[in-house]
2 protein chains.
Amino acid sequence: MARQREFDREKALDAAMHLFWEKGFEAASLSDLTSRMGIQRPSIYSTFGDKKGLFEAALRKYTSAHAAYVRANLQNNSSVKEAFRAFFENIVAKEYGKSPNWGCFCINSMVELSPHDEKFEILTREHQMYLSVIFQETIERGLRSGELESGINAKRLAQTLVVSLIGLTVFMKSRPERLFVDNSVKEILTLLR
Amino acid sequence: MARQREFDREKALDAAMHLFWEKGFEAASLSDLTSRMGIQRPSIYSTFGDKKGLFEAALRKYTSAHAAYVRANLQNNSSVKEAFRAFFENIVAKEYGKSPNWGCFCINSMVELSPHDEKFEILTREHQMYLSVIFQETIERGLRSGELESGINAKRLAQTLVVSLIGLTVFMKSRPERLFVDNSVKEILTLLR
DNA sequence: GTTATAACATACTGATTGGTATGAAATTAT
DNA sequence: ATAATTTCATACCAATCAGTATGTTATAAC
């Protein structure tokens, strides 16, 4: 018994996600958002509450898609070492393919908002914890199959790979020589022995 | 033949540095800055040009102090392995000591500004390159003394430690369980064999 | 003491910020 | 068709933004 919505909520949210990803929370203005989302200001407020609410919805959309991407990538390959190698090299290749490099929306948000807003501190941390679990399960698969040495501490190594991934992603935002990054990936992967 | 400046340029710059460190470039307003620096708006503009100029001066002050800190820390210890262990553990302990955790000003700036401003892309990248050189020199000292295995690639390992340090610093902003970070540090340090 | 110069504090600028009030248009139940 | 309801576009709000114009105050050269 009312007028039907004219815009696609998910498409609009996707546009907001990309803008926040590029610019961060502060630098993305409502004017930017309305033009990129293709909707008017009151539609944003009625649908997402306020700017922070929209940001949170966008970040949640990103993290769930990102987790699915990581999971699919690591399950893709029967060899665990090869899976991690391809995963890291893909990320490097992808980031060097586009210019400029916006990095990871979740990591960007961790840097910008975590110390100022507990909600985002938790949200961004939990995503990294989730990635760590995916990594750990993959490593444990390699232990079971005998591909990895039994002396490996799966949890500890998974945590280290998460930290390394964050470091790589952030550092690539400053566009260092690719050799620097490639070297680091090689060295990190030696931990999978 | 003119009135003398009433404020201490370095003290004012130091206050600006800490505000930008906490809030980032966008979120730190001129009103914030004037009140924290203890000077008036025109003094900022006459001394530092504009907001970006002030930010750049603050970041340069930070990076040079940070580089000196890192250098001093690693030269402090005759054992290279011990020096890196103490260095990483100090950083972790320091970050967990204070709440909230503002991370590293240079890394924060890399995330916020590098993709949007080439000047800061270069400035932040060069600082990481400089840290990498310090790390490399320290590793080479360990190779010469025989403390480290001769098979180690000093440059590659130094680059990896830089990436790991970035990852740790960023991740700690989300205040993960300390065990997570401690585990990562232990695992990373196994690369120094 | 006079004059030139630079730093000072105050107050202001136009533009932009996040957020909202208002009324028209559209849809469905009755 | 009418009434009820929700979305829409437009226009607006006070507050804040980065940056500056202006006039006063202090200093140094002469």
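Computed from a predicted model, the values in this text were never measured in an experiment.

What about the protein's contact with DNA strand C?
Okay, so step 1: Taken together, 22 residues are adjacent to DNA strand C, and A:Leu30, A:Tyr45, A:Lys51, B:Ala2 and B:Glu6 come closest.
Okay, so step 2: Protein-proximal atoms of DNA strand C, defined as those within 4 Å of the protein, fall in sugar or phosphate at a share of 66%.
Okay, so step 3: For DNA strand C, a phosphate oxygen lies 3.3 Å from a polar atom in the side chain of A:Ser29.
Okay, so step 4: Among the secondary structure elements, those contributing two or more residues to the surface near DNA strand C are helix 2 (30-37) and helix 3 (41-48) of chain A together with helix 3 (41-48) of chain B.
Okay, so step 5: With 3 residues, helix 3 of chain A is the largest single contributor of residues to the surface near DNA strand C.
Okay, so step 6: For the surface near DNA strand C, the class distribution of residues is 10 nonpolar, 5 polar and 7 charged.

Observations concerning the relation of the copies chain A and chain B
Okay, so step 1: The transform that puts chain A on chain B rotates by 180° and translates by 0.0 Å along the axis, for an RMSD of 0.0 Å. Here the transformation between the copies is reduced to the relation of a two-fold axis. Considering only C-alpha atoms, the part of chain A nearest the rotation axis is A:Gly167, at 1.8 Å.
Okay, so step 2: In this assembly the copies share their binding face: 100% of the residues contributing to the interface of chain A also contribute to that of chain B.

Comments concerning the interface of chain A and chain B
Okay, so step 1: Counting from both sides, the interface comprises 44 residues of chain A and, opposite them, 44 residues of chain B.
Okay, so step 2: Around 3900 Å² of area is buried between chain A and chain B when both sides are counted, 70% of it from carbon and sulfur atoms.
Okay, so step 3: There are 2 salt bridges connecting chain A and chain B.
Okay, so step 4: We note a salt bridge from A:Arg156 to B:Glu187, for which the minimum N-O separation is 2.7 Å.
Okay, so step 5: On inspection of chain A and its partner chain B, the count reaches 13 residue pairs in polar contact (both at pLDDT 80 or more).

Notes on the UniProt feature "DNA-binding region" (unreviewed entry) in chain A
Okay, so step 1: Here, the residues flagged by UniProt with the feature "DNA-binding region" (unreviewed entry) are residues 29-48 of chain A.
Okay, so step 2: With 80% helix and 0% strand, residues 29-48 of chain A has its two end C-alpha atoms placed 15 Å apart.

So, unusual backbone geometry
Residues and elements named next belong to chain A.
Okay, so step 1: Put simply, Ser99 and Pro100 share a cis peptide bond, and its omega is -5°.
Okay, so step 2: Among the structural elements, Pro100 can be located in the loop between helix 5 (80-97) and helix 6 (105-113).
Okay, so step 3: The phi dihedral of Arg175 is positive, around 50°, even though this residue is not glycine.
Okay, so step 4: Turning to its location among the elements, Arg175 is positioned in the loop between helix 8 (154-172) and helix 9 (178-189).

Description of the protein's contact with DNA strand D
Okay, so step 1: Within the structure, DNA strand D sits among 22 residues, and A:Arg3, A:Glu6, A:Gln40, B:Leu30 and B:Lys51 are positioned closest to it.
Okay, so step 2: For DNA strand D, the fraction of protein-proximal atoms (within 4 Å) that sit in sugar or phosphate groups is 68%.
Okay, so step 3: The contact in question runs from a phosphate oxygen of DNA strand D to an N or O atom on the backbone of A:Glu6, over 2.6 Å.
Okay, so step 4: Contacts to DNA strand D include B:Lys51, whose side-chain N or O atom sits 2.7 Å from a phosphate oxygen.
Okay, so step 5: Mapped by element, the contributors of at least two residues to the surface near DNA strand D are helix 3 of chain A together with helix 2 (30-37) and helix 3 of chain B.
Okay, so step 6: If you tally residues by element for the surface near DNA strand D, the top one is helix 3 of chain B, at 3 residues.
Okay, so step 7: Tallied by class, residues from the surface near DNA strand D come to 10 nonpolar, 5 polar and 7 charged.

Some thoughts on the packing of helix 8 (residues 154-172) of chain B against helix 9 (residues 178-189) of chain B
Residue and element names in this part refer to chain B.
Okay, so step 1: Two elements in contact, helix 8 and helix 9, have axes separated by 11 Å at closest approach and are oriented at 180°. Classified by the angle between their axes, helix 8 and helix 9 sit roughly antiparallel to one another. Listed contacts from helix 9 to Leu161, Ser164, Leu168, Phe171 and Met172 of helix 8 are Phe180, Val181, Ser184, Val185 and Ile188.
Okay, so step 2: Broken down by class, the residue content of the contact of helix 8 with helix 9 amounts to 8 nonpolar, 2 polar and no charged.

Considering the UniProt feature "domain: HTH tetR-type" (unreviewed entry) in chain A
Okay, so step 1: Under the local residue numbering, the UniProt record ascribes the feature "domain: HTH tetR-type" (unreviewed entry) to residues 6-66 of chain A.
Okay, so step 2: The span residues 6-66 of chain A carries 84% helix and 0% strand; its end-to-end C-alpha distance comes to 28 Å.

Observations concerning the pattern of salt bridges
Residue and element names in this part refer to chain A.
Okay, so step 1: Under the definition given, this model contains 33 salt bridges over all chains.
Okay, so step 2: In this structure, Arg85 and Glu82 form a salt bridge, with 2.6 Å as the shortest nitrogen-oxygen distance. Highlighted residues: Arg85 and Glu82, both in helix 5, separated by 3 residues, approximately one helical turn.
Okay, so step 3: Here Arg85 falls in the partly exposed class, since its relative accessible area comes to 30%.
Okay, so step 4: Residue Arg125 is joined to Glu121 by a salt bridge in which the shortest nitrogen-to-oxygen separation is 3.2 Å.

Here we look at the packing of aromatic side chains
Residue and element names in this part refer to chain A.
Okay, so step 1: Evaluation of the coordinates by the stated rule reveals 22 aromatic pairs over all chains.
Okay, so step 2: Ring geometry for Phe87 and Phe135: centres 5.8 Å apart, planes at 80°, overall edge-to-face. Of this pair, Phe87 sits in helix 5 while Phe135 sits in helix 7 (residues 118-145); the two residues are 48 residues apart in sequence, bridging distant segments of the chain.
Okay, so step 3: Judged by relative accessible area, Phe87 falls into the buried class, the value being 0%.
Okay, so step 4: A residue is classified by how much of its surface remains accessible, and Phe135, at 0% relative accessible area, is buried.
Okay, so step 5: Feature note: the residues Phe20, Trp21, Phe25, Phe55, Tyr62, Phe105 and Phe120 constitute an aromatic cluster, connected by ring pairs.

Reading the values: the criteria
- Residues numbered from 1 in each chain as written.
- Chains lettered and ligands numbered in written order.
- Predicted model: local features only at pLDDT ≥ 70, side-chain atom pairs only at ≥ 80, totals over all residues.
- Heavy atoms only, no water.
- Near = heavy atom within 4 Å.
- Polar contact = N/O pair within 3.5 Å; in protein donor to acceptor, adjacent residues only side chain to side chain.
- Helix = DSSP H or I, 4+ residues; strand = E, 2+ residues; numbered from the N terminus.
- Nonpolar A, V, L, I, M, F, W, Y, C, P; charged D, E, K, R; others polar.
- Least-squares fit on C-alpha atoms with pLDDT ≥ 70 in both.
- Contact = heavy atoms within 4.5 Å.
- Buried area = accessible area lost by both parts, 1.4 Å probe.
- Salt bridge = Lys/Arg side-chain N within 4 Å of Asp/Glu carboxyl O.
- UniProt positions renumbered as here; feature names shortened; annotations may be inferred.
- Axes fitted to C-alpha atoms, helices over the stretch in contact; angles between N-to-C directions.
- Parallel < 35°, antiparallel > 145°, perpendicular 65-115°, else oblique.
- Buried < 20%, exposed > 50% of the residue type's maximum accessible area, 1.4 Å probe, protein only.
- Phe/Tyr/Trp six-rings, centres within 6.5 Å; stacked < 30°, edge-to-face > 60°.

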